[in-house]
Amino acid sequence: MPRFRYLLPVVALSAGVLAVPAHAVNDKGPVGWDVYRRLDRLAELPVGVQTKQFSSFDRAGDNDDGFGGRYSCLSTSPTGCVIAEHTGAGEVGAIWFTRDEGDVTRTGKITIELDGRKIVDAPLQDLVDGKLGAPFVHPLVGNADQSSGGVYVEVPMPYTRSMRITTEHNPLFYHVSYRTFADAEGVRAFDPADKAQDVIDNLKAGGDPKPALPGVRTQDTSIKLAPGRSVRLARTLGSGLLSAIVLSLPQAEHVRSRTETDEGRAFGANGFSQFTVAIDPANDGVRLTRRIDPAIGNQAATILVDGQEVARWVPSEPGHAGLWAEEVADLPASATRGKSRITVKNVFVSSDLDYNEFTYWVDSDDRRTDTVDVGDAADEAAHGYAIAGQTWQGVRTFGYPLEEEQLAKVRTAQEILEGLRLRISFDGVRTVDSPVGEFFGSGHAMMPVASLMSAIDAETSTMSSWWPMPYRTGATVELYNSSARTIDGKTSVTSAPQTMSRNAGYFRTQSRSGATTPGESWTFLRASGQGKFAGVSHTMRGPVNRNYLEGDERVHVDGSRTPQLHGTGTEDFYQAGWYFNRETFTTPFHGNPAHLTPPTGCAAGNDCTGAYRLMIGDAVPFGTAIAFDIEHGWTNNVEGVYSSTAYWYGTGRPATVQTDALTVGDQASERAHRYTGQGEVTTLESAFEGDLKNAVTLRATQRVTEGPAGFTLKIDRDNRGVELRRTGDQSVAGQHAEVTVDGRRLADWVQPLGNQTRRWLEDVYQIPASVTRGKREITVRLTPKTPWSAASYAAWSVR
């Protein structure tokens, strides 16, 4: 498939490329490799599809999201720790892990079983290093160097009957995002023999990932936009698709800061490090320079030379996270003159955390005589390096301060990227109004971005977007200048005539900015009606220690009190780790393109981080509403200034409706729904999973039964399937029941989750349209294989 990069026009192919109309395709939308091969269908809103997630999040709502692995295993098996499991049809979308600064070797093997077949059975580190070969190669997989402290797999792996993922040892931090389907119609199980080389090549090439469209038209505009003014870039009439938007802003320059990656170690109280170095015997004293991470304040140590205390590393105030600092200690000639080698010992005195060291440089009378590269095994051996009381070992990629002239350019770029807004209207309704920097992937500065649906060529200050944006009667694209600066630039908008599919949503963004609110999560997206969340660009400013990144994301769909996705940390959501412990990076699916400190362009006393995450294979569909939030700090307790732009598609009309509900334990409700079943009626008061401080609590009756239970529920006759929603007690994990609807045996209802602290759980069983269409009522029979809890069942008819 031809692709184009930045300002190049779309090359038209024959109309046969899009010969299959959307209405003739299964309502699930693209499945398997078609997720990436048919991105022209991204606007379609699926039916009978849900996106869910297993993760190691703290079940009590606090911050123990994997540090000790307490919540990392759903269960254990002879092959290890079960981290994900589903019965029925579905698709694995994204897998992420971290531990040990991003080295996942100690997790051992990962086994991915689909429909009872082992698809992957190999060391996890080998998998993310790309050693298994296509299709498990970069950028579909990535290691901690490629994803800044995290490892990931973005290979779409569909299955028709079952999925189970196991790791040999407790993986500590992880998440697995997956889609569930109401049935297996149109689903072809993943075949690892399909190398998907065309997908890999396209992902590596960059540029527009969609199939080329016939009849494209590109409208070019030069702009000189005064403060407070708007300019129209393009207008189209009739049904069509906006395919590409390109914006060149030469005033918003890319400023490159020098960065270096270095391995290091740290030791704590009662600890020390020691090494031997070469010096000039004719010296008049030796200068020892140490590279450190200055974010740890008050680091002090005594310095011994050949066993004699001669100097001291002086404690300093905490420095800027993400920037290297270098400290100097002068060793007196009385301890060094006449020697060709000395043994240096650093003994811990004090620190806010520990004493860290990355590189030592040794100078005799301004002449470099030796260098010790801490963390490099060969160099450590050559210098007889030793450490006692080690508290940390890892790698950091930090930068160095910018000159004032460079900082001025950064501030100019920030003013333009924040103040210039992209506005798009479809069929007379404005659905996009976002700052251009964040829209294209980097809100803090003009930084390189190479995501699947947008890119920034920082060297030319050119930004491109390829989200498919369908419309029925017309589209208008505008820029509005809310800054105090006149902005010059060039733009290009590409469109093509095309009939908007009946099941497509309008492309939309939701942008917001401001100070975070203590005790409340930051909202990425709040929306009603039918739609799907497809990604977010996030601009953060917070304390220099970066602990605002401790916040977890949570996604509540269609009013459910249980989040369908519950993450383990902000950088984890962006599939990195350890506060983004490598250099900034960009992949087709996620990235951390910007990290600024005050010496590199962030406000005084703050740390600035920019990140994005596209959820294409694991887009989150919703029928009536979505609430997608992220914490700031462990429990929304770290103040910051945030900005975000969520990408989504929607119609504004609900696609599901509750048609009936049974309250278990209520005699009148049980009679009305012809409930049959055993189990004593008890009352439970507990909370649902979610925020620590704002937990949703419920006091309700329930039955726990090990015998069959049956009931009837009213449904919409014109349904496209039914979602059966249960509220139950998950204090007993791994609940399992056989399901029969109107005498037809369906896939088992298996819920591997469990929580003895926050016991209430709402989960969904999807009943396919082939069983429900044309009916006004269904009879459900559940035959438990384990103790089965239920406080209520509700029928939601899919329209």
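As shown above, the structure is provided for reference.
Scope of this entry: the structure provided in the associated data block. (Residues numbered from 1 in each chain as written. Predicted model: local features only at pLDDT ≥ 70, side-chain atom pairs only at ≥ 80, totals over all residues. Heavy atoms only, no water.)

With antiparallel pairing, the four strands of this open sheet are ordered in space as E47-E52-E49-E50. Either end of the sheet is taken by a strand with one partner, and the two such strands are strand E47 (709–714) and strand E50 (744–751). Within this sheet the neighbouring strands show an average axis-to-axis angle of 25°, counted without direction. Bridge count for strand E49 (residues 735–741) against strand E52 (residues 777–784) is five bridges, and the pairing is antiparallel. (Pairing = 2+ DSSP bridges. Helix = DSSP H or I, 4+ residues; strand = E, 2+ residues; numbered from the N terminus. Axes fitted to C-alpha atoms, helices over the stretch in contact; angles between N-to-C directions.)

The next thing to look at is the pattern of salt bridges. Applying the stated rule across the entire model yields 51 salt bridges. Of the charged contacts in the structure, one is a salt bridge between Asp100 and Arg99, with a shortest N-O distance of 3.3 Å. Residue Arg99 is classed as buried on the basis of its relative accessible area of 7%. Measuring nitrogen to oxygen at the nearest pair gives 2.8 Å for the salt bridge that ties Asp742 to Lys775. Within this pair, whereas Asp742 is found in the loop between E49 and E50, its partner Lys775 is found in the loop between helix H10 (769–772) and E52, the two being separated by 33 residues in sequence. Among the charged side chains, a network of salt bridges with common partners joins Arg258, Glu260, Asp262 and Arg291. (Salt bridge = Lys/Arg side-chain N within 4 Å of Asp/Glu carboxyl O. Buried < 20%, exposed > 50% of the residue type's maximum accessible area, 1.4 Å probe, protein only.)

Here we come to the nonpolar core. Core analysis: the biggest nonpolar cluster contains 96 residues, and Ile165, Val436, Trp467 and Ile616 have the highest contact counts within it. Every residue in contact with Trp467, bar those within four places of it in the chain, is listed here: Leu42, Leu242, Ser243, Phe439, Met453, Phe507, Ala534, Leu614, Ile616, Tyr647 and Tyr649. In this structure, Ala527, Val536, Val620 and Phe622 belong to the second largest nonpolar core, which totals 28 residues. (Core = buried A, V, L, I, M, F, W, Y, C linked by side-chain atoms within 4.5 Å. Contact = heavy atoms within 4.5 Å.)

Per the counting criterion, the structure on display carries two disulfides. One disulfide in the model links Cys73 with Cys81; its S-S distance is 2.1 Å. For the disulfide bridge between Cys73 and Cys81, the dihedral angle about the S-S bond is near -120°, and by the sign convention the bridge is left-handed. In this structure Cys73 comes out as partly exposed when scored by relative accessible area, which is 27%. What makes Cys81 buried here is its relative accessible area of 3%. Counting only the cysteines that form disulfides, in the order they appear in the protein, gives the pairing 1-2, 3-4. (Disulfide = S-S within 2.5 Å.)

Pairing in this open sheet of four strands is antiparallel, and the strands run E19-E16-E22-E23 from one edge to the other. Both outer strands of the open sheet, strand E19 (325–331) and strand E23 (367–373), are each paired with one neighbouring strand and no more. Taken pair by pair, the neighbouring strands of this sheet meet at an average axis angle of 20°, ignoring direction. One ladder, built from six bridges, connects strand E22 (residues 359–364) with E23; its direction is antiparallel. Bridge pairing links Trp361 to Thr371 in E23.

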